[in-house]
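Summary of structural features
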Amino acid sequence: MDHRHVWRRICAAIAIFALAPSAHAASAITLGITSATAFSIPHYIAEEKKYSADEGLSVDTIISGSANGVLQQLAAGSLNIGQAATDQTLRAIQRGAPIRIIAGAASNAPFRMLAAKGTKGWADLKGKAISVGGLTDVTLYFLRTMARRNGLGDHDYDLLYGGGSPNRLSQLLSGAVAGAILTNPHDFMALEQGFVDLGSVPDYLPHWAQNNIQVDTRWAAQHRAEILAFLRVHIRATRYFYDPANRADVIAILAKHTKSTPDVAAKTYDLYVRQQVIAPDAALFPDGLQENIDALVSIGEFASAPPVAGFVDDSFLAEVAKR
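Residue positions are given per chain, counted from 1 along the sequence in the order it is written. Local features in this predicted model are restricted to residues whose pLDDT is 70 or higher, and side-chain atom pairs enter the listing and the counts only when it is 80 or higher, whereas totals over whole chains, interfaces and linings include all residues. Note: side-chain values were computed over all heavy atoms of the structure, leaving out hydrogens and water.

Let's talk about the pairing of strand β4 (residues 99–106)
Worth spelling out the cut-off: Relative accessibility thresholds used throughout: buried, under 20% of the residue-type maximum; exposed, over 50%; partly exposed, between the two (1.4 Å probe, protein chains only). Numbering of helices and strands starts at the N terminus; helices are DSSP runs of H or I of at least 4 residues and strands are runs of E of at least 2. A pair of strands is considered paired only if DSSP assigns at least 2 bridges between the two.
Here β4 lies mainly inside the structure; seven of its eight residues are buried. Pairing between β4 and strand β10 (residues 211–216): six bridges, direction antiparallel. From the neighbouring strand, Gly104 faces β10, where its bridge partner is Asn212.

Shown next, in the form of structure tokens:
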């Protein structure tokens, strides 16, 4: 046989092999989160411990800047999986977005109202600007609930929309606002610098399911195996988080990814363990979802309370639990 012919066949075979997907290639998932807060600690743990690689996954995490940003990208097909605030998710699904909640992420709302140094109480915020995430952000609902119970009407203060908790902290530190609703670890950062604690959201809304994991249902229909693998990774990370033997390591991971001091990260960790903020085993909390729905009804966004089941696909968690 002509040597040139043999060589051409070898080159063709090499080219075909190079273009073919590897049997061991990682399945890619694009995950969206709101901002670098402690709510995402299971994802940070999974990244540091390479749990996704153990499941044959490659997870690309996108920080979208707001819950609304996560959900818009999820609905547009730019993300496969998201983690975002429950109330925003319910709104999106109710309006027809191809999204479903598949697992729990944060089982309560560890937000806090922080005010300028020297503030004596809520009355001092009258006529001042307060930072929340946005017009439809859950932090506005938190502020309204807390302020009303402390004697302030909805028109007694101005609003500044800051997006995620890191941005709201920046507004507070700069003096652009007299108060801000912050989550962890940014609330502890503000406390370290002398800002004033005016109360925590769980004291007002104790059963609120703050954060959940969602999927693009169109993508999910063709990628069930990847979703199951992702949930196994997430659950493994939550178990690592709650194991007391891992406290020091988890604090170091949290400090690294949220750019907080070890002391702030430790306070955040202890709060999250004490209040079980991170949903154990990614459990869904129907009562917490219902409280979100009831809130949307109370502010006139939902005419009546639709059933929780219409927003959730719990089949993924159920399948993972069987294995």
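Structure shown, so let's carry the discussion forward.
Structural notes on the pattern of salt bridges
We apply this condition: We count a salt bridge whenever a side-chain nitrogen from Lys or Arg sits within 4 Å of a carboxyl oxygen from Asp or Glu.
By the definition in use, this model includes 16 salt bridges. The partner of Glu55 in a salt bridge is Arg232, with the nearest N and O atoms 3.0 Å apart. Of this pair, Glu55 sits in the loop between α3 (51–54) and β2 (57–63) while Arg232 sits in helix α10 (residues 224–242), and the two are 177 residues apart along the sequence. Lys267 serves as the salt-bridge partner of Asp263, at 3.3 Å between the closest nitrogen and oxygen. Taken as a pair, Asp263 and Lys267 lie in helix α12 (residues 262–275) at a separation of four residues, close to a single helical turn. Looking at Asp263, the relative accessible area reads 39%, which means it is partly exposed. If you follow the salt bridges from partner to partner, you end up with Asp87, Arg91, Arg95 and Glu301 in one network.

Describing the sheet that holds β10
Within a sheet, each strand pairs with its neighbour through backbone hydrogen bonds, oriented either parallel or antiparallel. To be explicit about the condition: In this analysis an axis means a line fitted to C-alpha atoms, helices contributing only their contacting stretch, and an angle means the value between N-to-C directions, from 0 to 180 degrees.
Spatially, five strands are ordered β2-β1-β3-β10-β4 in an open sheet, and the strand pairing comes out mixed. Each edge of the open sheet is held by one strand with a lone partner, namely β2 and β4. The average angle at which neighbouring strand axes cross in this sheet is 25 degrees, direction not considered. Note: strand β1 (residues 27–33) against strand β3 (residues 81–85), three bridges, orientation parallel. Looking at the pairing, Ile33 lines up with Gln83 of β3.

Re the packing of helix α11 (residues 247–258) against α12
Our working definition: Crossing chirality is assigned from the near helix's rotation relative to the far helix, an anticlockwise turn below a right angle marking it left-handed and a clockwise turn marking it right-handed. Residues count as neighbours in contact if any of their non-hydrogen atoms are within 4.5 Å of one another. Three classes are used: nonpolar for Ala, Val, Leu, Ile, Met, Phe, Trp, Tyr, Cys and Pro, charged for Asp, Glu, Lys and Arg, and polar for all others, with Gly counted as polar.
In contact at an axis separation of 8 Å, α11 and α12 are set at 120 degrees when each is read in the N-to-C sense. Read as a crossing pair, α11 and α12 show a hand that is right-handed. Here α11 contributes Arg247, Val250, Ile251, Leu254 and Ala255 to the contact with α12, which in turn contributes Pro262, Ala265, Ala266, Thr268, Tyr269 and Asp270. Looking at side-chain class alone, the contact of α11 with α12 contains eight nonpolar, one polar and two charged residues.

Re the packing of helix α2 (residues 41–49) against α10
When two helices pack together, their arrangement is captured by the angle between the axes and the distance separating the axes. The condition that has to hold: An angle below 35 degrees is read as roughly parallel, one above 145 as roughly antiparallel, one from 65 to 115 as roughly perpendicular, and any other as oblique.
At a minimum axis distance of 8 Å, the contact between α2 and α10 shows a crossing angle of 100 degrees. Between α2 and α10, the interaxial angle falls into the category roughly perpendicular. On α10, the residues that touch Ile41, Pro42, His43, Ile45, Ala46 and Lys49 of α2 are Phe230, Val233, His234, Ala237, Thr238, Tyr240 and Phe241. In terms of residue class, the contact of α2 with α10 is made up of nine nonpolar, three polar and one charged.

What to know about helix α14 (residues 315–322)
Put simply, the rule is: The directions considered for the arc run from the helix axis to the C-beta atoms.
Residues of α14 that are buried include every one of Phe316, Leu317 and Val320, and no others. One side of α14 carries all its buried residues, which in axial view fall inside an arc of 95 degrees. Set apart from the buried face of α14 by more than 90 degrees, the exposed residues are Ala321 and Lys322. On the buried face of α14, the contacting elements are β4, α9 (217–220) and α10.

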